[in-house]
Amino acid sequence: MKLNKIVTSVAAMAVVSTGLFAGTSHMDIEKMFEKECQGCHGPNHEGGVGSDLRPKVTAKKNAYMLAETILNGRAGTAMPQFKEKFTKADADKMVDYIQHFKGKKIEVLTMDAVKKGWKKLNNRMDFLKKYPHAVDVKKNTDICFVTERDAAKVVFVDGTSGKILSRHPAGFAVHVTVTNKRQPRYAYSISRSGLVTMFDLNTPGQQKIAEVQVGSDSRGLAVSPDGKYLMAGNYVPGGAILMDAMTLEPLKVYPTSSVINMDGDIGSSRVAGIYDTPYGPYIAFALKDAGHVYIVDYSKEGFPIVGDIPNIGKILHDGFENEGKEIGRYLMQASQGSDVMGIIDFKTKSLVAKVYTGPGSKPHPGQGSSWYNEKYGQVHATNSMNVGNVVIWDNNWDVVKEVRTAGGGLFVGTSEHTPFIWSDNVIGGPANWNKVHLINKQTLETDRILTVGTKKGTITDPVTHKVLYSWSVPTVKNKKGKAVIPRILHAEPANHGHWTMISEWNTGRIGIYEAKTGKFVKYIKGLTTPTFTYSIEHRQTIPGA
């Protein structure tokens, strides 16, 4: 009897031990997938920036290896490590969920649903009368946005001093910010959780005017150049939403729950990039999964789709427009599934070329770069996510240069005030994600490399390796007391072109550098995962941004 009790107790302890310490996960896997994975892998696991995770692909794969990929990431791709957020049991549970996924019912975007999420927060006209000029800065165009991804906030910064002006909750993983170029006192943000927010930059603390919940998973945002309309793009439910830019009142929805893709199949599509253009009364939006771009004419009654450009490529993402002659005539749309930049002509409403960026490159231009080169004329550039390079092409749509960098990147940017295009390597792994390549706009060669170490920062000559400038870097340590290698991304002009701001995603800072030299100026500290920055003055002159 005593022996039986001992055996029973030991068995019970084994079960408890296994359940509590070796194989129990209390994670809500479906919610975690929606929060962390859906953006890259798709709401129905169909893939995008990330791999296709549907059971027809994953069921035959080794579950142990899939769990290892979740925990440790995949080098050279956008797949990050989740070992700080997942236990081994969590990873195993996620693999089981993925391999046995039954699919989701496709939601349809409706006007009724969007209108229910529309809220007026303050009286715009009262603010207009009370604050005819900016209160917190000399000019409202001096202000820069910063998105704090993990804090779910928008931060406003004085772009001439670096002073933080205000912080506002604006939805999970605030993704994009834009301004009204006709009336730059009004600015807008959209979060990955589908919340669009409107701000008045002239008011003390940049107060909110209105907000609208356009969906549960969203990305793009654009304001018409006449200042009247705002368009947002949804992943879930798929589609675009046209709003009154002065109130955020929803005016029309464009569902994409049933469209034809490049293989001739009918299905739902997420909406990726949204683009305004000074070339005509158009706003364009990209159907990520269908490979189309739709062009809306907002000057016509009913805001009709007047252009449907198909067969651009698979898995459309972001894009940008040309500068120089006929500014904004051409939209350069990234296709990450076909490794091309599709060139769309707003004049003819047609696809005029495809610029091939290289096998497995996954172009990701971010804000993109367009500038005048003395040899090639107007040229344009994109970063590549999976390959360490910057691809540059001319107005004949021929690639004129591929500049090698240290690793995959997300953003390449420039302005008239800097001799460089600034390319990050944020997906290049810990050995390289603390570097930004400064590529000379005329020679099309890397002129210098900006590196932010754990204690020291440098600007070096890539040929001689001579240190041109150096500065002390405050060391940031993680929870285990280990020094964090700064993960830096997204160079944005500020301070009337004198500065370039670079986000340090994992150290909570923004580094400010001289635009002409790359020399360090100072840090803006006290931020949470600063990601996307947006200089209102700079973006006033950039088409589609």
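Please refer to the structure higher up on the page.
Because the structure is predicted, anything quoted here is derived from the model rather than measured.

1. Digging into the packing of aromatic side chains
- For the structure on display, the rule yields 18 aromatic pairs.
- Ring pairs connect the aromatic residues F145, F156, F199, F532 and Y534, which therefore count as one cluster.
- Lying over the aromatic face of Y235, R219 brings its terminal NZ or CZ to 4.2 Å of the ring centre.
- Lying across the ring of Y523, R509 places its NZ or CZ 4.5 Å from the centre.

2. Focus: unusual backbone geometry
- Between V236 and P237 the backbone carries a cis peptide bond, its omega angle lying at -15 degrees.
- One can find P237 in the loop between strand 10 (229–236) and strand 11 (239–244).
- One non-glycine residue, L444, lies in positive phi territory at about 60 degrees.
- On the basis of relative accessibility, which here comes to 2%, the residue L444 falls in the buried class.

3. A word on the sheet that holds strand 25 (residues 389–394)
- Strand order in the open sheet formed by 4 strands is 23-24-25-26, and the pairing between neighbours is antiparallel. The outermost strands of the open sheet, each flanked by one partner alone, are strand 23 (369–373) and strand 26 (399–404). Each strand axis lies, on average, 25 degrees off the axis of its neighbour in the sheet, ignoring direction.
- Bridge count for strand 23 against strand 24 (residues 377–383) is 5 bridges, and the pairing is antiparallel. By the bridge assignment, S369 is partnered in strand 24 with A381.

4. Looking at the pattern of salt bridges
- Under the defined criterion, the tally for this structure stands at 12 salt bridges.
- One salt bridge connects R219 with D217, and the closest N-O pair in it is separated by 2.6 Å. Assigned by exposure class, R219 and D217 land together as buried.
- Across the pair K401 and E445 runs a salt bridge whose closest N-O atoms are separated by 2.8 Å. Taken as a pair, K401 in strand 26 and E445 in the loop between strand 29 (435–440) and strand 30 (446–452) lie far apart in primary sequence, 44 residues in all.
- Salt bridges linked by common partners bring E326, R329 and D345 together as one network.

5. Let's talk about the environment of I524
- The topology assignment puts I524 in strand 36 (residues 520–524).
- Distance in space between the C-alpha atoms of I524 and G508 is 8.6 Å, their sequence separation being 16 residues.

6. Regarding helix 4 (residues 63–72)
- Residues of helix 4 that are buried: L66, A67, T69, I70 and L71.
- On its buried face, helix 4 sits against helix 3 (55–58) and helix 5 (88–99).

7. Looking at the nonpolar core
- Grouped together as the largest cluster of nonpolar side chains are 46 residues, with contacts concentrated most on Y188, V196, V214, L221, L230, M243 and L248.
- Here this core gets 4 residues from one element, more than from any other, and that element is strand 6 (residues 186–191).
- Setting aside its immediate chain neighbours within four residues, V214 contacts L109, V114, I190, G194, V196, A232, N234, I241 and M243.
- Judged by nonpolar contacts, the second largest core, of 18 residues, contains I29, L53, A67 and L71.

8. A word on the sheet that holds strand 2 (residues 143–148)
- One open sheet accounts for 4 strands, arranged 4-3-2-37; its pairing is antiparallel. The outermost strands of the open sheet, each flanked by one partner alone, are strand 4 (164–169) and strand 37 (530–535). Taking the axes of each pair of neighbouring strands and ignoring which way they run, one obtains an average angle of 20 degrees across the sheet.
- Relative to strand 37, strand 2 runs antiparallel, the two being bridged by 4 bridges.

9. A few points about the pairing of strand 36
- Two elements, strand 35 (residues 509–514) and strand 36, share 4 bridges in a ladder whose sense is antiparallel. Bridging from a neighbouring strand, I510 pairs with I524 of strand 36.
- Connecting strand 35 to the antiparallel partner strand 36 that follows it, the hairpin turn spans 5 residues, and G518 within it adopts a positive phi of roughly 90 degrees.

What counts, and at which threshold
Residues numbered from 1 in each chain as written. Predicted model: local features only at pLDDT ≥ 70, side-chain atom pairs only at ≥ 80, totals over all residues. Heavy atoms only, no water. Phe/Tyr/Trp six-rings, centres within 6.5 Å; stacked < 30°, edge-to-face > 60°. Lys NZ or Arg CZ within 6 Å of the ring centre and 35° of its normal. Helix = DSSP H or I, 4+ residues; strand = E, 2+ residues; numbered from the N terminus. Buried < 20%, exposed > 50% of the residue type's maximum accessible area, 1.4 Å probe, protein only. Pairing = 2+ DSSP bridges. Axes fitted to C-alpha atoms, helices over the stretch in contact; angles between N-to-C directions. Salt bridge = Lys/Arg side-chain N within 4 Å of Asp/Glu carboxyl O. Contact = heavy atoms within 4.5 Å. Core = buried A, V, L, I, M, F, W, Y, C linked by side-chain atoms within 4.5 Å.

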